[in-house]
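What the coordinates show
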Amino acid sequence: MKTLGTHNYYVYILTNKIKTVLYTGVTNDLKIRLYWHQNPEAIDKHFTTKYKCFCLIYFEQFSDIETAIKREKQIKGWTRIKKNNLIKEFNPTWKFLNDEI
């Protein structure tokens, strides 16, 4: 068991190369999760594989999983415009952040 304050959870948003699709997820290891989004199994039928959403454009870090899940659900419920505004505040040019994690 980890000591208090050492847990890391991330809410993240991925897009495709032409930035037309958004995917919001939650994980405890962003680097590994990005790897699996970019390297799916051949039979993978998940949303990110189908729409080629592998490009990280937004993330938030949390120390509590319940808070992270609540935030993920909140963002998933937003309109595209509201999500776009969130991304623009964090990453104004929508630069792909995969190599910075």
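Every value quoted in this text rests on a predicted model; they were computed, and no experiment measured them.

Things to note about the overall build of the chain
Scanning the chain from terminus to terminus reveals four helices and three strands. N-terminal to C-terminal, the α/β element order of the chain is β-β-α-α-β-α-α. Within the chain, buried positions represent 39% of all 101 residues. In the chain, of all internal contacts separated by at least 6 residues, the share reaching a separation of at least 24 is 66%. Here the chain has roughly 6,800 Å² of accessible surface; of this, 56% comes from carbon and sulfur atoms.

A closer look at the confidence of the model for the chain
Residues of the chain with pLDDT of at least 70 account for 89%, and the chain-wide mean is 89. Confidence, expressed as mean pLDDT per element, reaches its minimum in the chain at helix α2 (residues 47–50) with 80 and its maximum at helix α4 (residues 80–90) with 98.

Observations concerning the sheet that holds strand β3 (residues 55–62)
Taken together, the three strands give an open sheet; going across it, the order is β2-β1-β3, and neighbouring strands pair in antiparallel fashion. Sheet topology places β2 (22–27) and β3 at the edges, where each strand pairs with a single neighbour. Neighbouring strand axes in the sheet, compared pairwise and without regard to direction, differ in orientation by 20° on average. Strand direction decides the pairing type here: strand β1 (residues 9–15) and β3, joined by seven bridges, are antiparallel.

Considering the nonpolar core
One finds I13, L22, I57, Y58, I75, L86 and I87 to be the most contacted residues of the largest nonpolar core, which totals 13 residues. Going through the elements one at a time, β1, β3, α3 (65–76) and α4 are the ones with two or more residues in this core. If near-sequence neighbours (up to four positions away) are discounted, I57 is found in contact with I13, T15, L22, I87, F90, N91, W94, K95, F96 and L97. Membership of the second largest hydrophobic core comes to 10 residues, among which are Y10, L34, C53 and L56.

Digging into the packing of aromatic side chains
For the coordinates displayed, the defined rule picks out five aromatic pairs. Taken together, the aromatic side chains of Y12, Y23 and F47 make up a single cluster linked through ring pairs.

Brief notes about a nonpolar patch on the surface
Judged by side-chain polarity, I32, Y35 and W36 come together as a nonpolar surface patch covering roughly 330 Å² of accessible area. In this structure, I32 sits in helix α1 (residues 30–38).

Rules used in this analysis
- Residues numbered from 1 in each chain as written.
- Predicted model: local features only at pLDDT ≥ 70, side-chain atom pairs only at ≥ 80, totals over all residues.
- Heavy atoms only, no water.
- Helix = DSSP H or I, 4+ residues; strand = E, 2+ residues; numbered from the N terminus.
- Buried < 20%, exposed > 50% of the residue type's maximum accessible area, 1.4 Å probe, protein only.
- Contact = heavy atoms within 4.5 Å.
- Areas by Shrake-Rupley, 256 points an atom, 1.4 Å probe, with all protein chains shown as cover.
- pLDDT = per-residue confidence, 0-100.
- Pairing = 2+ DSSP bridges.
- Axes fitted to C-alpha atoms, helices over the stretch in contact; angles between N-to-C directions.
- Core = buried A, V, L, I, M, F, W, Y, C linked by side-chain atoms within 4.5 Å.
- Phe/Tyr/Trp six-rings, centres within 6.5 Å; stacked < 30°, edge-to-face > 60°.
- Patch = residues over 30% accessible without salt bridge, like charges linked within 9 Å, V, L, I, M, F, W, Y side chains within 5 Å.
- Salt bridge = Lys/Arg side-chain N within 4 Å of Asp/Glu carboxyl O.

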